[in-house]
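Residues per chain, in single letters:
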Amino acid sequence: GTIPMAEIDKIYAQGFDAMKADKTISEATKDFLLYHRYTIQRVDTILTDTEDYKSLRLSDVTIFEENGVTSVSVAGETRGKKTRNPVTYKGAFAEFLKDVYDKAKSASPKMPNAEIKLFNTSSTKASAVFKKYMTPLFVDKFESFLPVNKNGKVETGFNIKDIAFTVAIPTFITILILLPW
C-alpha cells in the first residue's frame, strides 16, 4: 500500500524520540538511520566492507559552498548490477551530511579520507535499532501494508535491510518490500 510521507515522518519522529533515553545507541547509528530514511540507499552498500568494495567513505563525499549555500555531493558507484547514482544535496540535508562528515573526520583526523567511514556503525547495529524502535510503530499503524509470510501472517521480523522507501508522488511514499531471495 501507499503510506503518506507525513505518516512515515511521524513514525520516525516517534522512533527517534523513544531512542533519546537509550544511551547504548551511537550518534553514528542515529545519523545513519536518518540518512537512510531520506536517501533510500541500500544499507550494506553504505555500511559494509567486502572484498569487492568498501562502505561509504569520506573520500566519496565532497562539500562545497555555492553562493553561500552548503552543497554536499556523494559520488556514485556501481557494484555488480546495483548502482548508487551520484547526487548533490543542498539545504538542511546538506548541512546534516556536512556535520556527519565533520564528526567522522574529527574522530580520525590523521587517517586518509579513503579509510574513514562516513557512518561509523554497522548494518547489524542499525538493523537492531530499526527493529526495536521503528518496526513496532510500522506494524501498529500500517500492519495491512506490511508483507505476509506464506501462512498469511504479518512478517514482523523484517529489518532495515528489508525496507526501501521510494517516492511515488511528491506527498506520498510507497513501501517496497525487498524480500530475501
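What follows concerns the sheet that holds strand E2 (residues 61–66). Spatial strand order, E2-E3-E6: three strands in an open sheet with antiparallel pairing. Of all the strands in the sheet, the pair left with one neighbour each is E2 and strand E6 (87–90). The sheet shows a mean angle of 25° between the axes of neighbouring strands, direction not considered.

It is worth spelling out the nonpolar core at this point. With 35 residues, the main nonpolar core has Phe 32, Tyr 35, Leu 118 and Phe 119 as its most contacted residues. Apart from residues no more than four positions distant in its own chain, Tyr 35 is found in contact with Gln 41, Ile 46, Leu 56, Val 74, Phe 93, Phe 96, Leu 97 and Phe 119.

Inspection of the entire model under this criterion finds nine aromatic pairs. For the pair Tyr 35 and Phe 93, a centre-to-centre distance of 6.2 Å together with 20° between the ring planes defines the contact as stacked. Here Tyr 35, found in helix H2 (residues 27–39), pairs with Phe 93, found in helix H4 (residues 92–107); they are 58 residues apart in sequence, far enough to count as distant. Ring plane angle 35° and centroid distance 5.5 Å describe the contact between Phe 93 and Phe 96, whose orientation is recorded as tilted. Placement of the pair is Phe 93 and Phe 96 together in helix H4, with a separation of three residues, close to one helical turn. Phe 93 gets classed as buried once you look at its relative accessible area, which sits at 15%. Under the relative-accessibility criterion, Phe 96 is labelled buried at 15%. One aromatic cluster is present, built from ring pairs that chain together Phe 32, Tyr 35, Tyr 38, Tyr 89, Phe 93, Phe 96 and Phe 119. Here the basic side chain of Arg 37 rests over the ring of Tyr 12, its NZ or CZ set 5.6 Å away from the ring centre. Over the ring of Tyr 38 we find Arg 37, and its NZ or CZ is 4.5 Å from the ring centre.

Our next topic: the confidence of the model for the protein chain. For the protein chain, mean pLDDT is 82; residues scoring 70 or higher make up 83% of the total. Mean pLDDT values for the elements of the protein chain range from 35 in strand E8 (residues 172–177) up to 96 in H4. Below pLDDT 50 for its whole length, residues 158–181 participates in 66 contacts with residues either more than four positions away or in separate chains.

Non-glycine residue Asn 67 carries a positive phi angle of around 55°. Topologically, Asn 67 is positioned in the loop between E2 and strand E3 (69–74). Judged by relative accessible area, which is 78%, Asn 67 ranks as exposed.

Further remarks concern the pattern of salt bridges. According to the stated counting rule, one finds 14 salt bridges in the structure shown. A salt bridge links Arg 57 to Asp 49; the nearest nitrogen and oxygen atoms lie 2.7 Å apart. Using a relative accessible area of 35% as the deciding quantity, one classes Asp 49 as partly exposed. A salt bridge links Arg 84 to Glu 77; its shortest N-O distance comes to 3.9 Å. For Glu 77, a relative accessible area of 26% puts it in the partly exposed group. A single salt-bridge network, built from bridges that share partners, covers Glu 7, Lys 10 and Lys 141.

The rules behind each value
- Residues numbered from 1 in each chain as written.
- Predicted model: local features only at pLDDT ≥ 70, side-chain atom pairs only at ≥ 80, totals over all residues.
- Heavy atoms only, no water.
- Pairing = 2+ DSSP bridges.
- Helix = DSSP H or I, 4+ residues; strand = E, 2+ residues; numbered from the N terminus.
- Axes fitted to C-alpha atoms, helices over the stretch in contact; angles between N-to-C directions.
- Core = buried A, V, L, I, M, F, W, Y, C linked by side-chain atoms within 4.5 Å.
- Buried < 20%, exposed > 50% of the residue type's maximum accessible area, 1.4 Å probe, protein only.
- Contact = heavy atoms within 4.5 Å.
- Phe/Tyr/Trp six-rings, centres within 6.5 Å; stacked < 30°, edge-to-face > 60°.
- Lys NZ or Arg CZ within 6 Å of the ring centre and 35° of its normal.
- pLDDT = per-residue confidence, 0-100.
- Salt bridge = Lys/Arg side-chain N within 4 Å of Asp/Glu carboxyl O.

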